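# Secondary and tertiary structure notes
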Amino acid sequence: MADNTSPNPQEQTTRATIDKFNDAFNRHDADGVAALLTDDTIFEDTSPAPDGRRVEGKAAVADFWRAWFAKNADAHFDAEDVIVSGNRATVLWIYRKIRNGQPWHVRGVDVFTVRDGKVAAKLAYVKG
């Protein structure tokens, strides 16, 4: 009888990659984020509404985050839950920052695809 409780190596890699990505992201470390992206990575932003913007390629995505970190110096994402299945991960998060001098937040979800220990896609969605 097979032991179904042992961790799946692919899922372990996916989870480790997502954890490293989120850590680099919350340090606002654009180079650290870039090191975790595939060359052909895809990022879909939550704005502009209703469909967001699609950014393709490691250099373009790294440039996007570099500029975003510069504009959102106090931004922090708290992962509420990370659900991993094979090379895919869904991260439920809360994005917090100060807006107009007051604490502000929004909740959302990222759907990640991981390939060879790197992020091949990060598709972001928000509530409200």
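Here the structure is a predicted model, which means the values were calculated and not measured.

### A few points about the overall build of the protein
Along the protein, the regular secondary structure elements total three helices and six strands. N-terminal to C-terminal, the α/β element order of the protein is α-α-β-β-α-β-β-β-β. Its C-alpha atoms give the protein a radius of gyration of 15 Å, within 12% of the compact-globule value 14 Å for 128 residues. C-alpha extents for the protein along the principal axes are approximately 60 × 30 × 30 Å. Split into buried and exposed, the 128 residues of the protein put 38% on the buried side. Long-range pairs, those at least 24 residues apart, make up 43% of the contacts in the protein between residues at least 6 apart in sequence. Looking at the protein as shown, the accessible area adds up to about 7,600 Å², and 50% of this sits on carbon and sulfur atoms. Charge separation in the protein, taken as the distance between the mean sites of 17 positive and 19 negative side-chain charges, equals 4 Å.

### Remarks on the nonpolar core
Ranked by size, the top nonpolar core spans 27 residues in total, and within it Phe 21, Phe 25, Val 33, Trp 65 and Trp 68 carry the most contacts. Here this core gets five residues from one element, more than from any other, and that element is helix α3 (residues 58-71). Beyond its immediate chain neighbours, meaning those up to four positions away, Trp 68 contacts Phe 25, Ala 75, Phe 77 and Tyr 95.

Parameters at a glance
Residues numbered from 1 in each chain as written. Predicted model: local features only at pLDDT ≥ 70, side-chain atom pairs only at ≥ 80, totals over all residues. Heavy atoms only, no water. Helix = DSSP H or I, 4+ residues; strand = E, 2+ residues; numbered from the N terminus. Rg over C-alpha atoms; globule rule 2.2 N^0.38 Å. Buried < 20%, exposed > 50% of the residue type's maximum accessible area, 1.4 Å probe, protein only. Contact = heavy atoms within 4.5 Å. Areas by Shrake-Rupley, 256 points an atom, 1.4 Å probe, with all protein chains shown as cover. Lys, Arg positive; Asp, Glu negative; His and termini not counted. Charge placed at Lys NZ, Arg CZ, Asp CG, Glu CD. Core = buried A, V, L, I, M, F, W, Y, C linked by side-chain atoms within 4.5 Å.

What is shown is where atoms sit, not what they do.
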